[in-house]
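Structure assessment
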Amino acid sequence: MEGRETRKFYLMRHGERLDYVFGDWMSQCFDKHGDYFPTNLNMPDTVPKRPQGHHVHIHDPPLTKTGIFQAQLTGEAFKKAQLDVSHVYCSPSLRCIQTCDAFLKGCSKKSEIKIRVEPGLYEWWVLFGDRLPDWLTPKELYNTYRGSITSNVLAVPYCGVIVVRQMEISGTRMGDIFAAQPHS
């Protein structure tokens, strides 16, 4: 394969989720008006106000502070090992966008790489039937995380926002995405 550039594909799962650590965290952290208040130092200082109400967080929970730290350390490890990252694809779930953002910060690529949001990477389609989950819009992400999520989120899905099932697209979709990227 002389003359062909080798591509490497790294797959990373999201950092530590709030609901996995604290179980029924929503009953601990939201008052009757839907206002959030952390009850543990590992909980995020803020969570996005959702137009649909705070109950939406049950299917789209944020990361813990440890989860953010895990992702940033992974990025630092990539940088130290001199592993080059040129493209980042991400599920539209909040925890995944937070993970990508912290990872890019860790490998010093936040200003260079856009997070490409791809709905086909979302894993829990079975929970939603024939409708899309209530993900944050790019504007909501920006308004909520001005101080922390500063990566340029490119919210233009590979195939448009359509309802697909993860099992139907996982193999061919990722192959198509990866193959479509120009060699750089």
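Bear in mind the structure is a predicted one, so any value in this text is a computation, not a measurement.

Thresholds applied
- Residues numbered from 1 in each chain as written.
- Predicted model: local features only at pLDDT ≥ 70, side-chain atom pairs only at ≥ 80, totals over all residues.
- Heavy atoms only, no water.
- Helix = DSSP H or I, 4+ residues; strand = E, 2+ residues; numbered from the N terminus.
- Buried < 20%, exposed > 50% of the residue type's maximum accessible area, 1.4 Å probe, protein only.
- Contact = heavy atoms within 4.5 Å.
- Expected span 1.5 Å × (residues − 1).
- Arc of directions from axis to C-beta.
- Phe/Tyr/Trp six-rings, centres within 6.5 Å; stacked < 30°, edge-to-face > 60°.

What follows concerns the overall build of the protein chain. The number of helices and strands found in the protein chain is 6 helices and 3 strands. Helices (α) and strands (β) of the protein chain occur, in sequence order from the N terminus, as α-α-α-β-α-β-α-β-α. The buried share of the protein chain, reckoned over its 184 residues, is 41%. The contacts of the protein chain with a sequence gap of at least 6 include a subset with a gap of at least 24, amounting to 72%.

The next subject is helix H3 (residues 65-80). Between its first and last C-alpha atoms H3 spans 22 Å; for 16 residues at 1.5 Å apiece the expected length is 22 Å, and the two agree. Where H3 is concerned, the buried positions are Gly 67, Ala 71, Gly 75 and Phe 78. Buried residues of H3, viewed axially, fall in a sector of 80 degrees; they line one side. The outward face of H3, more than 90 degrees from its buried face, is lined by the exposed residues Phe 69 and Lys 80. Those residues of H3 that are buried are in contact with helix H4 (94-106). One or two positions beyond H3, positive phi appears at Gln 82, with a value near 60 degrees.

Under the definition given, this model contains 5 aromatic pairs. Ring geometry for Trp 25 against Phe 30: centres 5.7 Å apart, planes inclined by 50 degrees, an arrangement best described as tilted. The pair Trp 25 / Phe 30 is uniform in exposure class, with both members buried. Cluster of aromatic residues (ring-pair linked, three or more members): Tyr 10, Phe 78 and Phe 103.

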